[in-house]
Amino acid sequence: MGAAVELDAGGRAVRLSNPDKVYFPEKGYTKRDVAEYFLAVGPGITRALNHRPTTLQRFVDGVEGDFFYQKRAPKNLPEWIPTARIAFPSGRPADELCPTELAAVIWAANLGTLTFHPWPVRAGDTDHPDELRIDLDPQPGTDYADAVTAAHELRSVLEDHGVRGWPKTSGGRGMHVFVPIEPAWTFTEVRRAAIAAGRELERRMPARVTTAWWKEERGERIFVDFNQTARDRTIASAYSVRPFPHAPVSAPLRWEEIDDAEPRDFDIVTLPVRYAELGDVHADMDQEAFRLDGLLELADRDEKERGLGDMPYPPEYPKMPGEPKRVQPSRARHDDDDGETA
């Protein structure tokens, strides 16, 4: 698979073993192609990960092989790559890789990492997110165009409540909108703000958007995945490579671009060309941190005036205060029919 090579990553030499190993058979893209892509978008991927505890999604045999999520820092982590201590929902702690320079990205790419999943926190305070992340997830029967329509209205929802969002493709059919926020709220509070934004978007577009946690209730609508803001849930970073045959990437966009953008057009070959022309279009994302007061006030009104409280957490989470029962609606109806308690 070729002799190992050394790549210059921001002035630090990083060893790349088996550079000719094919990661994307359909296109013939190799491990070196992936590493060269990350070098080409270096400042962008470094900004997206900077000082964030990061889970690595590793594909050591390429996208047609098995993969796994590495949440704990590898034992062979170089001394020049820092870590950050995080706590899982169970309360168990772990030290995660915490990139601060491009060389860390290339080192992880050598391990087969295609997708980086950073926490929405910085190493200095891992209990208070500094990003509100909203995942617009197309359900069967919908596509990227539907996500774009929802994203435009979401932009208005956010701005009506005092915050500004930054859009990017998911690398698949969906869209992500990130909001830089002051690290003044807990994961629970940030999730509550995301639920409030999703419910308001659903009220404005009831036929096209849903916050229904249970798949059987979503229909052909865009699902606002509010649980992506729960502790230990992460979203692929900007510039991450996604594990599909054509090697797409999660591409940062400007709002005026999202209508004409086509997710398949952004891959490890085309995005470096765009980056060379435009640079990182989210480069100034961290210049202002917004407050969540407006969205949290909306959450309060939803609860007091509409009786809308918390939503179910994912099944692996401990039961949370105020959380409704985690019972699939059709199962709950079945239990009721049998005279049992849902």
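Quantities reported herein were computed from a predicted structural model and do not represent experimental measurements. Within any chain, residue numbers begin from 1 and follow the written order of that chain's sequence. Residue-level local features of this predicted model are given only where pLDDT is at least 70; pairs of side-chain atoms are given and counted only at 80 or more, and the full residue set underlies all totals for whole chains, interfaces and linings. Hydrogen atoms and water are omitted, and side-chain values are computed over all heavy atoms in the structure.

Engineer: Tell me about the UniProt feature "domain: DNA ligase D polymerase" (unreviewed entry) in the chain, and please be specific about residues and values.
Structural biologist: UniProt positions are given in the numbering used here, feature names are shortened, and annotations may be inferred rather than shown by experiment. Here the UniProt feature "domain: DNA ligase D polymerase" (unreviewed entry) sits at residues 30-281. Where helices and strands are cited, they refer to DSSP runs of H or I of at least four residues and of E of at least two residues respectively, numbered from the N terminus. Secondary structure content for residues 30-281 is 28% helix and 19% strand, and the end C-alpha separation is 27 Å.

Engineer: Let's hear about the layout of surface pockets: which residues, and what values?
Structural biologist: Take a probe with the size of a water molecule and roll it over the atoms, and the empty space left behind shows itself. A cavity here means a set of 1 Å grid points, computed over protein atoms only, where a 1.4 Å probe fits but cannot escape. A pocket is an open set with protein on both sides within 12 Å along at least 5 of 7 lines, and lining residues have an atom within 4 Å of a point. Grid points are joined across faces, edges and corners, and a volume is the space filled by probe spheres set on the points. Here the largest pocket defines a volume of roughly 490 Å³. As for the largest pocket, its lining consists of 23 residues, of which Tyr-69, Gln-228, Asp-232, Arg-233 and Thr-234 are closest to the centre. Broken down by class, the residue content of the lining of the largest pocket amounts to 9 nonpolar, 7 polar and 7 charged. Three categories are distinguished: nonpolar for Ala, Val, Leu, Ile, Met, Phe, Trp, Tyr, Cys and Pro, charged for Asp, Glu, Lys and Arg, and polar for the others, with Gly belonging to the last.

Engineer: Let's hear about the sheet that holds strand E6 (residues 68-70): which residues, and what values?
Structural biologist: Pairing between two strands requires that DSSP report at least two bridges joining them. On the basis of which strands lie adjacent, the open sheet formed by 3 strands has the order E6-E5-E9 and antiparallel pairing. Each edge of the sheet is formed by a strand with only one pairing partner; in this case those strands are E6 and strand E9 (113-118). Across the sheet, the mean angle separating the axes of adjacent strands is 25 degrees when strand polarity is ignored. In this sheet, E6 lies alongside strand E5 (residues 54-58) in antiparallel orientation, the contact comprising 3 bridges. Bridged to Arg-58 within E6 is Phe-68. Angles here are taken between N-to-C directions and fall from 0 to 180 degrees, while the axes themselves are lines fitted to C-alpha atoms, restricted in helices to the stretch in contact.

Engineer: Please provide a residue-by-residue account of unusual backbone geometry, values included.
Structural biologist: Residues other than glycine seldom take positive phi values, yet His-51 does so here, at roughly 60 degrees. The classification of residues rests on relative accessible area computed with a 1.4 Å probe and restricted to protein chains. Under 20% of the type maximum is buried, over 50% is exposed, and intermediate values are partly exposed. You can call His-51 partly exposed: its relative accessible area is 38%. A positive phi angle is found at Asp-232, which is not glycine, with a value near 75 degrees.

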